[in-house]
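# Overview (structure and organization)
Here is how the chains run, residue by residue.
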Amino acid sequence: MENAVLGIHHITVLAGSPQDNYNFYSGLLGLRLVKKTVNFDAPDVYHLYYGDEQGNPGTIMTFFPFPDARRGKRGAGEISAVAFSIPSGSLNFWMDRLAEKAVDFSGPFKRFDEEYISLLDPDGMLVELVPDKSADGLPGWSDGSIPVEHSVRKFFGVTITQNDVNLTAGLLHGQMGLNPSDSTDHLKRYVAGTAEAEVKIDLIERPDLGGAKAGAGSVHHIAWRTANDEEQINWQSKIDEAGLYPTQVMDRNYFHSIYFHEPGGVLFEIATDPPGFLIDEDIDSLGESLKLPEWYESRRKQIEAVLPVIETGKADVGAG
């Protein structure tokens, strides 16, 4: 059995308007829409996947956009920020770009050894952009709205806010094999993955906060990487032994998944790297057409009739 998760596979978030979501993540941040499909449990709702050119694990941000959704309430027991790695010399480019687009941002701030800026997406989710030398060797997407030399490379990490971080920290370091790193009185950092797959998981302790309430702008879950189906079964046993009741393996077409709640209430997933997003589209046409699992193909016309149109393309459409 492997001793540690390989990093972050993807992060899934609840959203409002699918058009505003596309405008922000593809138009403003320059991520590629690599897959347009539906929520397998509610096919009248999109499931949108953004990432690098091929949709590699570690780059994928996904959304369930409910056009009439209420905003979530920030609080304890949630992933409170998602951070992306940008090239180490690109911070000024991004500050200039956001100012040009009249997009409010905060910073730059300093946290441990890194500088970063933060901004809110259209649904109020906190997004951070972090210059990251470890990502400089990763390829950028050359056909997006951002010059390739400044484009987002991967996830830098996430922040999890809890009333008490100890049980979450014990799971991350114990069963899941993350390594402790820097810490302060109210923040503990853990590291998953190695080299260019390395990500930082920051645990913030806020005993004064009420519980978070899910809605648009709330992270639904974080998925951790595992290499293959065999290793996923090993993880399922390991999580079960920890008393955390993992689900059965679920086929998500582009990866296989198990789910469980960590002790602080955040939904965790462990997802396989294969088969990936190229199983039903070639690399040049990723994200262009609506892809449905085979059990929904007979309902394609009805599903397409209720899904809102999303205007997509390579144009720099800004923040919406």
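First, a word on what this report is: a plain description of the structure on this page. (Residues numbered from 1 in each chain as written. Predicted model: local features only at pLDDT ≥ 70, side-chain atom pairs only at ≥ 80, totals over all residues. Heavy atoms only, no water.)

Scanning all chains against the criterion turns up 15 aromatic pairs. Between phenylalanine 24 and tyrosine 25, the ring centres sit 4.8 Å apart and the planes meet at 70°, which makes this aromatic pair edge-to-face. Tyrosine 25 matches phenylalanine 24 in its accessibility class, with the two residues each being buried. Relative to phenylalanine 268, the ring of tryptophan 224 has its centre 5.4 Å away and its plane inclined at 70°; by these criteria the two rings are edge-to-face. Residue tryptophan 224 is found in strand S13 (residues 219-226), and its partner phenylalanine 268 is found in strand S16 (residues 267-272); the two are separated by 44 residues along the sequence. By relative accessible area, phenylalanine 268 is classed as buried at 0%. Ring pairs connect the aromatic residues Phe24, Tyr25, Tyr50 and Phe63, which therefore count as one cluster. One residue, arginine 111, lies across the ring of tyrosine 116, its end atom 4.1 Å from the ring centre. (Phe/Tyr/Trp six-rings, centres within 6.5 Å; stacked < 30°, edge-to-face > 60°. Buried < 20%, exposed > 50% of the residue type's maximum accessible area, 1.4 Å probe, protein only. Helix = DSSP H or I, 4+ residues; strand = E, 2+ residues; numbered from the N terminus. Lys NZ or Arg CZ within 6 Å of the ring centre and 35° of its normal.)

All right, on to helix H4 (residues 229-241) then. With 13 residues, H4 extends 19 Å between its outermost C-alpha atoms, agreeing within 8% with the 18 Å of an ideal straight helix rising 1.5 Å per residue. Of the residues making up H4, those classed as buried are Glu231, Gln232, Trp235, Gln236, Lys238 and Ile239. Of the residues flanking the start of H4, the one acting as N-cap is asparagine 228, its side-chain oxygen 3.2 Å from the backbone nitrogen of glutamate 230. Phi for glycine 243, located one or two positions after H4, is positive at around 80°. (Expected span 1.5 Å × (residues − 1). Polar contact = N/O pair within 3.5 Å; in protein donor to acceptor, adjacent residues only side chain to side chain.)

The buried count for helix H1 (residues 18-28) comes to nine of eleven residues, which makes it a mostly enclosed element. Within H1, the full set of buried residues consists of Pro18, Asn21, Tyr22, Asn23, Phe24, Tyr25, Ser26, Gly27 and Leu28. Of the residues flanking the start of H1, the one acting as N-cap is serine 17, its side-chain oxygen 3.3 Å from the backbone nitrogen of glutamine 19. The first or second residue beyond H1 is glycine 30, which carries a positive phi of 80°.

So, about the side chain of arginine 252. Along the polypeptide, arginine 252 turns up in the loop between strand S14 (250-251) and strand S15 (256-261). Despite its burial, arginine 252 pairs with no opposite charge, the nearest such side chain being aspartate 41 at 4.1 Å. Polar contacts involving the side chain of arginine 252 include one to the side chain of tyrosine 259, which spans 3.1 Å. What arginine 252 contacts, discounting residues up to four positions off in sequence, is Phe40, Asp41, Ser257 and Tyr259. (Lys, Arg positive; Asp, Glu negative; His and termini not counted. Salt bridge = Lys/Arg side-chain N within 4 Å of Asp/Glu carboxyl O. Contact = heavy atoms within 4.5 Å.)

On to the pairing of strand S8 (residues 126-131). Counting buried positions over the six residues of S8 gives five, a clear majority of the element. Relative to S8, strand S7 (residues 114-120) runs antiparallel, the two being bridged by four bridges. Considered in S8, the bridge of serine 118 is made with glutamate 128. Count of turn residues in the S7/S8 antiparallel hairpin: five residues, of which glycine 124 carries a positive phi of about 90°. (Pairing = 2+ DSSP bridges.)

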